[in-house]
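# Structural description and commentary
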Amino acid sequence: MRAVLTWRDKDEQCIYDLTFKPDGTQLILAAGNRLLVYETSDGTLLQPLKGHKDTVYCVAYAKDGKRFASGSADKSIIIWTSKLEGILKYLHNDSIQCVSYNPVTHQLASCSSSDFGLWSPEQKCISKHKTNSKITCCSWTNDGQYLALGMFNGNISIRNKNGDEKVKIERPGGSLSPIWSICWNPSREEHHDILAVADWGQKLSFYHLSGKQIGKDRPLNFDPCCISYFTKGEYILLGGSDKQVSLFTKDGMRLGTVGEQTSWVWTCKVKPDSNYVVVGCQDGTISFYQLIFSTVHGLYKDRYAYRDSMTDVIVQHLITEQKVRIKCKELVKKIAIYKNRLAIQLPEKIIIYELFSDDSSDMHYRVTEKIVKKFECNLLVVCAQHIILCQEKRLQCLSFRGVKEREWQMESLIRYIKVIGGPPGREGLLVGLKNGQILKIFVDNLLAIILLKQATAVRCLDMSASRNKLAVVDENDTCLVYDIHTKELLFQEPNANSVAWNTQCEDMLCFSGGGYLNIKASTFPVHQQKLQGFVVGYNGSKIFCLHAFSMSAVEVPQSAPMYQYLDRKMFKEAYQIACLGVTDTDWRELAMEALEGLEFETAKKAFTRVQDLRYLELISSIEERKKRGETNNDLFLADVFSYQGKLHEAAKLYKRSGHENLALEMYTDLRMFEYAKDFLGSGDPKETKMLITKQADWARNIKEPKAAVEMYISAGEHIKAIEISGNHGWVDMLIDIARKLDKAEREPLLLCARYFKKLNNPGYAAETYLKIGDLKSLVQLHVETQRWDEAFALGEKHPEFKDDIYVPYAQWLAENDRFEEAQKAFHKAGRQGEAVRVLEQLTHNAVVESRFHDAAYYYWMLSMQCLDIAQDPAQKDEMLGKFHHFQHLAELYHGYHAIHRYMEEPFSSHRPETLFNISRFLLHSLTKDTPLGISKVKTLFTLAKQSKALGAYKLARHAYDKLQGLKIPDRFQKSIELGSLTIRSKPFHDSEELVPLCYRCSTNNPLLNNLGNVCVNCRQPFIFSASSYEVLHLVEFYLEEGITDEEAISLIDLETPRPQRESKWQEITSHDSQTLRLDETIDSMGDGDPFTAKLSFEQGGSEFVPVVVSRMVLRCMSRRDVLIKRWPLPLRWQYFRSLLPDASITMCPSCFQMFHSEDYELLVLQHTCCPYCRRHIDDLSP
């Protein structure tokens, strides 16, 4: 570190304090009772400021640069603007000792002998606080939260922004060590606020904000008057009674003297963000210095060591960018590094470090030796076992214990020294002298070997990797390269300040100078590129450059020297250069050049680098052919040219080597048919046809399909032409091809038909099938396109295709829910079992998906199909059994649909009476097995709820009891338990209004009937409405033996009149009154209806006795009172008599289900069909 005086001035008065404007352009000094304003660049006095009446002790500038403040012995503070105008003045009770601006809020702290005040532009008054001792100095923390006050009694008081004391530091020296200057470290990198304290006990101390001391007191041996930090906090300036300014580290380690003065130094500061220091003295001297920090560093290959913060050494690995810091805590004077050794010279010793391991990336150093002795030297070099000191003309070799082993005396000053390697303890040194002499010295040999002598002084030296060449930079900035053995000057280049050989390539070196980097390979011209700094190393493609104080590794492509070798066809040398580092483009160029030069080994390596498998395959094939004995280089080169796209050159070489077929193949593969034709001339027609086919293939691939089709047709490739036309949907072109083809060409015609079908042109497809006579494919076409009329017509002419037509037709009908038609189609195709299986599967799916209304419909359809199949005597019994079973299931699922919707949906469209009747109907029907999907729990729960709502409490209680024996889903558990409890509070009887009546014997039946849906007295089955499930007033009767259905209908249609029943009421009229009298004498039993007489027969046994009517009874019946279920054979018709003719009942003519007429009409209006069998309202057929 050197201090260079920039300017100096002198005033008659003592300089007590000074401050810089934050931008560093102006300097404000307190001199006597004036303020002096200087231009910092040249020391020009800009203006003296007068405003105080007595000596000015302190001055401070605000961080924002808008104002500064001065304090004087006249007890006043003056606020000045940056334009040097006074704008405010306020007073204290005693003389002002120090002032300081808050760096954040710009609040001003002014301290006097007895108090301190806080002022900010926003407030009108100054808040003052008394102190018990004289304040000598003050300083704000970086964040502006705390103010430190230094006291004459040796204590330090730390206050917050409001002036309240937060920490008090009482020092051991007390009033014998008054605090004279304090300063907070301005560094933003420190984790804690650190306060530096200088006292007149001649000590330097450091404290945390909490008041805890950092380390021990540092003795100064003089009375300090001022302390200040550099802008970034890395160094400290101290001045005082020793009449000089000293530079310290931030930890308090003394580094050196900035400038010696003739009197006490009262103040010193650093210009913001710079290395300039200004000093103010007792005798009025003002000195402005520039501090120059010299670079102390060392380099060996990829390890660079340099000094940081004067006391630390940082070792940087230039390849991995790893860094390690070694703290020496003393001024580092010299650094040397070699392999695993690191030597650091301190003022009183030299420390030798070594790496922990032999790992090339290891960055951990440990101390191995210490030479405790003071040395003066210009250069320091470390070897494996020795330290080399350079002192002017003398070199000394010391062991690591400090013992001098040998010494060399030179003829001239030593300008450059470098370790060039060697065995441990026998390393070689390259030494350059001022007189131009270049020597090689071995540390174990006293004799120095003179390599050569030149006329100019040596500035820089380096030796090539093989020790055959020597590069020298002299004092005239010339780079000279010598052959060491012959001493011959090989070449020289101007504008060089440093030089380095490539450690991986013998013939490459680089040198820097004039802002350029110069790379030279062999004796080729120099390649230049811009680069600032000095070249200090060259390893592969990395150049190590020292610029200012930093070392960096610059990646430099070696393209230029590689191309220089390529121009001279020196492929192997070019490959060696490329290995140091070139771009992928350069690698490809090298590969191509080597390939054209038939240097296959180099080309193979280069193509491997760029991962070009195509060329690697070519090289591999050429090498295989060479192994088999091929030696025709023209043929090899022709292959290379064809790969590179140099087709005409390749064709010429193919022709010259007698391989015209390869040239023709090359042109056709590349779709260059015109070139191929030109090359072929008038040749073989087969080859011409082959060319046309290939040209058509090419036209197809380049999206010119029409041209390709025409070429294929002309070449006779009809199938390819059809494929292209079909894929592009060109129907017109396809029909032209199909009509031109002979019917014997079956394969292309079938392909045409397939494309016609695909393109939705069944007419053309049919025409094509007819042309080749493929009737089966024609039938399949009609079926696939659902042209059923044409298919049926073809089936009439050719019965052998009947199954192929009707089975798909039936499946299509079934998929479209046209089950009746599907059944007929299956019947026609003889697939009756299949029709049943389809419906069974649909029914099962509906049940699984809880579509119970669909399940009922499908079961009804199944039953009707079974009835149809039952006409076959062989299957009659089985099918009739299935018919009755499916009818029963259809009725169950039809009723359960309402129960399921009531339990699963939030709202129900059914009346409570309907749900009550349905649940009773289901329970009476489910006496044995329960069909899939029907839940007894839901049925009983519905019955229980509706029974309770309608007053059938006994039945509700029975239903809840039944539920207790079933597995109940969790979601119903609470509701059922609650219902079971609440029903206990109801009466133990049922409402009489709900009791069902048997219309045959007029017996009131219980709500829960163990016999099922029959009367408990007469065993007559009940007839239920298919909507409300009420018991209908119908009684089924049977015909006497010998009466056919046709005769029965004719007898009923006769409607023989019955004698009118005489009224029991008699009307008597007189002249003044009219009387109506009931005559009980008329026989109530003589109503004249023989069917009613049949009903009155009392049932005595447990067997059911049906009502059997004769011809006479039939004649007495009215047609509107009789409902007939006209079942097809083999079933008998069923006859029902309505006992309440006024209450109309409607029977669906399709499914024969009974409804109250009003209910049926409403449901048909809602659904436009029968709710049971879905017979449409407009369908007149039964």
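My aim in this report is to walk through the structure given alongside it, one point at a time. (Residues numbered from 1 in each chain as written. Predicted model: local features only at pLDDT ≥ 70, side-chain atom pairs only at ≥ 80, totals over all residues. Heavy atoms only, no water.)

## Regarding the state of the cysteines
Overall, the coordinates contain zero disulfides when judged by the stated rule. Note on cysteine 138: no disulfide assigned, nearest cysteine sulfur contributed by cysteine 98 at a separation of 3.5 Å. You can call cysteine 138 buried: its relative accessible area is 10%. (Disulfide = S-S within 2.5 Å. Buried < 20%, exposed > 50% of the residue type's maximum accessible area, 1.4 Å probe, protein only.)

## Structural notes on the packing of aromatic side chains
This structure, assessed with the given rule, holds 29 aromatic pairs. Aromatic pair phenylalanine 1022 and phenylalanine 1024: ring centres 6.3 Å apart, planes at 80°, arrangement edge-to-face. For the pair phenylalanine 1022 and phenylalanine 1024, one class covers both residues: buried. Lysine 134 extends its terminal NZ or CZ atom over the ring of phenylalanine 152, reaching a point 5.9 Å from the ring centre. Taking NZ or CZ as reference, lysine 520 lies 4.6 Å from the ring centre of phenylalanine 491, over its face. (Phe/Tyr/Trp six-rings, centres within 6.5 Å; stacked < 30°, edge-to-face > 60°. Lys NZ or Arg CZ within 6 Å of the ring centre and 35° of its normal.)

## Observations concerning the sheet that holds strand β59 (residues 1107-1109)
Taking strand neighbours across the sheet as the criterion, the four strands line up as β59-β56-β61-β60 in an open arrangement whose pairing is mixed. Bordering the open sheet on either side are β59 and β60 (1122-1125), each of which pairs with just one other strand. Neighbouring strand axes in the sheet, compared pairwise and without regard to direction, differ in orientation by 40° on average. The sheet contact formed by strand β56 (residues 1034-1039) and strand β61 (residues 1134-1138) spans four bridges and is antiparallel. Looking across to β61, one finds that leucine 1034 is bridged to serine 1138. (Pairing = 2+ DSSP bridges. Helix = DSSP H or I, 4+ residues; strand = E, 2+ residues; numbered from the N terminus. Axes fitted to C-alpha atoms, helices over the stretch in contact; angles between N-to-C directions.)

## Some details on the nonpolar core
Grouped together as the largest cluster of nonpolar side chains are 80 residues, with contacts concentrated most on Trp860, Tyr893, Leu922, Leu963, Ile976, Leu1034 and Met1154. The element contributing the most residues to this core is helix α22 (residues 876-904), with 13 residues. Every residue in contact with leucine 922, bar those within four places of it in the chain, is listed here: Leu892, Gly895, Tyr896, Ile899 and Thr939. Counting residues in each nonpolar core, the second largest holds 49 residues, with Ala305, Ala343, Ile352 and Ile371 among its members. (Core = buried A, V, L, I, M, F, W, Y, C linked by side-chain atoms within 4.5 Å. Contact = heavy atoms within 4.5 Å.)

## Some remarks on unusual backbone geometry
With an omega of 10°, the peptide bond between leucine 1129 and proline 1130 qualifies as cis. Inspection of the secondary structure puts proline 1130 in the loop between β60 and β61. Despite not being glycine, leucine 84 has its phi angle at roughly 65°, a positive value. Within the element layout of this structure, leucine 84 appears in the loop between β8 (76-81) and β9 (86-91). Look at threonine 1168: it is not a glycine, yet its phi comes out positive at around 55°. Following the sequence through the fold, threonine 1168 ends up in the segment after α30 (1157-1167). A relative accessible area of 38% places threonine 1168 in the partly exposed class.

## Overview of the sheet that holds strand β51 (residues 516-521)
Within a sheet, adjacent strands bond to each other through the backbone by hydrogen bonds, running parallel or antiparallel. Pairing within the open sheet is antiparallel, and its four strands lie in the order β49-β50-β51-β52. Strands at the two margins of the open sheet, each flanked by one partner only, are β49 (498-501) and β52 (527-530). Averaged over all neighbouring strand pairs, the angle between strand axes comes to 20°, with direction disregarded. Sheet topology places strand β50 (residues 508-513) next to β51; six bridges connect them, and they run antiparallel. Its bridge partner lying in β51, glycine 513 is registered against tyrosine 516.

## Re empty space enclosed by the protein
One simple way to see leftover space: roll a probe sized like a water molecule over the atoms. Evaluated as defined, the whole model comprises three cavities of 30 Å³ or more. Computed from the structure, the largest cavity encloses a volume of approximately 50 Å³. Together, Cys998, Tyr999, Arg1000, Gln1020, Pro1021, Phe1022, Ile1023, Val1031, Leu1032, Leu1034 and Val1035 line the largest cavity. (1 Å grid on protein atoms, 1.4 Å probe; cavity = no way out; pocket = protein on both sides within 12 Å on 5 of 7 lines; lining within 4 Å. Points joined across faces, edges and corners; volume = space filled by probe spheres on them.)

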